[in-house]
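What follows is each chain in one-letter form.
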Amino acid sequence: MPGPRPRVVDAHHHVWDLSVRDQDWITGEALAPLRRDFTLADLEPEARAAGVSATVLVQTVTDAAETPELLALAAGSALVAGVVGWSDLTAPGIADTLAALRELPGGDRLAGLRHQVQGEPDPDWLTRPDVLRGLAAVADAGLVYDLVVLPHQLPAAVRAAAALPGLVFVLDHAGKPPVATGRTRPWADDLRALAALPNTVCKLSGLVTEADPHTWTPEDLRPYAETAVDAFGPDRLMFGSDWPVCRLAATYTEVLDTARALLSGLADHERDAVLATTAERVYGLR
């Protein structure tokens, strides 16, 4: 008889309640299916059915009030093991803010911070002196920093990670490669430059929505997944569903099954790293 299925940690998903806060990034016809509430009650059956045992809940908006709410949700959930929140990195009191978040209900599940760098017009935003000071405070707090960047912002991410070797940078969605175009460069070269720094990690997430959402196949994603595996190695790569955004192109189970297919050439312990142990170690999940 086959043994039990290896555990899975989903290192990247979101929730939102539009009656609490607008998600002002959900605009246009293509994103219209996301313009509704998505709660933990919606997520949990899908995640459990897919065999997921723990998740990391990630911020969606640039609003300091969201992070305490996410921590409180985590405190009341048996599934959410970590939270990546938001706080203003450029604020002089960022260190005090992070300490205060740790004292809130669920504060022990604060694992990292993130900012919507992809929306910043300055491609070098990550290397501004005030941002670097804030990132240093994140490191001092023992947290990690999630990078949500577009491919042209990867060079600045490389410089920021090189400037702060004591901070672990986690690249969301493999840096959003241009899957729909079939091109890999210059994205692949910049990804490898980031991976050359030992304090960097990458999420195998978000690829289905960078492809054509209606016609994609696992083979469309393979060149990008294989580049990430080769650049970072399984011990610095982690799976994320990007639910509910993934629903624009695939179900939760389809995203996980696709990840397993793309990782099928790895040894068992290497797949276990991508699907669970890397996230547990990097985010300090319990």
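Our subject is the structure that appears above.
All figures in this text were calculated on a predicted structure; none of them were measured in a lab.

Draft legend 1. Structural context of the overall build of the protein. Broken down by element type, the protein carries nine helices and eight strands. Here the protein has a C-alpha radius of gyration of 18 Å; the compact-globule value for 286 residues is 19 Å, and the two agree. With respect to the principal axes defined by its C-alpha atoms, the protein has extents near 55 × 40 × 40 Å. The buried share of the protein, taken over its 286 residues, is 52%.

Draft legend 2. Representation of helix H7 (residues 218-232) in the model. In this model H7 runs 20 Å from its N-terminal to its C-terminal C-alpha over 15 residues, within 8% of the 21 Å that 1.5 Å per residue would give. Along its length, H7 reaches its greatest deviation from straightness, about 30°, at Tyr-224. When we look at burial in H7, the residues that qualify are Leu-221, Tyr-224, Ala-225, Thr-227, Ala-228, Val-229, Ala-231 and Phe-232. Looking at the packing, one finds that the buried side of H7 touches helix H6 (187-195), strand E7 (200-204), strand E8 (237-239) and helix H8 (252-262). One or two steps after H7, the chain reaches Gly-233, where phi turns positive at roughly 80°.

Draft legend 3. Representation of the packing of aromatic side chains in the model. A full pass over the atoms with the stated rule returns five aromatic pairs. A centroid spacing of 5.4 Å and a plane angle of 90° characterise the contact between Trp-16 and Trp-25, whose relative ring orientation is edge-to-face. Judged by relative accessible area, which is 4%, Trp-16 ranks as buried. Centroid distance Trp-16 to Phe-38: 5.5 Å. Interplanar angle 80°. Geometry classified as edge-to-face. Pair noted here: Trp-16 is in the loop between strand E1 (8-13) and helix H1 (40-49) and Phe-38 is in the loop between E1 and H1, with a separation of 22 residues, a long-range link. By the burial criterion, Trp-16 is buried, and Phe-38 matches it.

Draft legend 4. The sheet that holds strand E3 (residues 80-85), seen in detail. The sheet built from eight strands is open, its strands ordered E1-E2-E3-E4-E5-E6-E7-E8 with parallel pairing. Whereas interior strands pair on both sides, the edge strands pair on one side only; in this sheet they are E1 and E8. Here the average twist between neighbouring strands, direction ignored, is 25°. Two elements, E1 and strand E2 (residues 52-58), share four bridges in a ladder whose sense is parallel. Counterpart to Val-9 in the pairing with E2 is Ala-54.

Draft legend 5. Structural context of unusual backbone geometry. Here the amide bond leading from Arg-185 into Pro-186 is cis, since omega sits at 10°, within 30 degrees of zero. Considering the arrangement of structural elements, one finds Pro-186 in the loop between strand E6 (169-171) and H6. For the bond running from Trp-243 to Pro-244, omega is 0°, close enough to zero to count as cis. Checked against the element boundaries, Pro-244 lands in the loop between E8 and H8. For His-173, which is not glycine, the phi torsion reads 55° and is therefore positive. One can find His-173 in the loop between E6 and H6.

Draft legend 6. Just the side chain of Gln-116, in detail. Within the fold, Gln-116 resides in the loop between strand E4 (110-115) and helix H4 (129-140). A polar contact of 3.1 Å, which involves the side chain of Gln-116, links it to the side chain of Gln-118.

Here is what the cut-offs are and how they apply
- Within any chain, residue numbers begin from 1 and follow the written order of that chain's sequence.
- Per-residue local features are limited, in this predicted model, to residues with pLDDT of at least 70; the limit for side-chain atom pairs, both in listing and counting, is 80 or more; totals at the level of whole chains, interfaces and linings are taken over all residues.
- Excluding hydrogens and water, the side-chain figures rest on all heavy atoms present in the structure.
- Strands are runs of DSSP state E lasting at least 2 residues, helices are runs of H or I lasting at least 4, and numbering of each runs from the N terminus.
- Just to be clear, the radius of gyration here is over C-alpha atoms, and the globule rule we use is 2.2 Å times residues to the power 0.38.
- Exposed residues in this analysis have more than 50% of their type's maximum accessible area, buried residues have under 20%, and partly exposed residues fall in between, with area computed by a 1.4 Å probe over protein chains only.
- Given a helix with a known number of residues, its expected span is that number minus one, times 1.5 Å.
- Working definition for bend: take the seven residues up to and ending at a residue and the seven starting at it, fit an axis to each, and measure the angle between the axes.
- Any two residues whose heavy atoms approach within 4.5 Å at even a single point are treated as in contact.
- In this analysis, rings of Phe, Tyr and Trp, with Trp reduced to its six-membered ring, are considered paired at centre separations within 6.5 Å, and the interplanar angle assigns stacked below 30 degrees, edge-to-face beyond 60, and tilted for intermediate values.
- The criterion for strand pairing is that DSSP finds at least two bridges linking the strands in question.
- Axis lines are fitted to C-alpha atoms, over the contacting stretch for helices. Their N-to-C directions set the angle, which ranges from 0 to 180 degrees.
- Counting of polar contacts relies on pairs of N or O atoms within 3.5 Å, with two restrictions inside protein: one atom must be capable of donating a hydrogen and the other of accepting it, and residues adjacent in sequence are counted only when both atoms are side-chain atoms.

That's the geometry; what it means functionally is another story.
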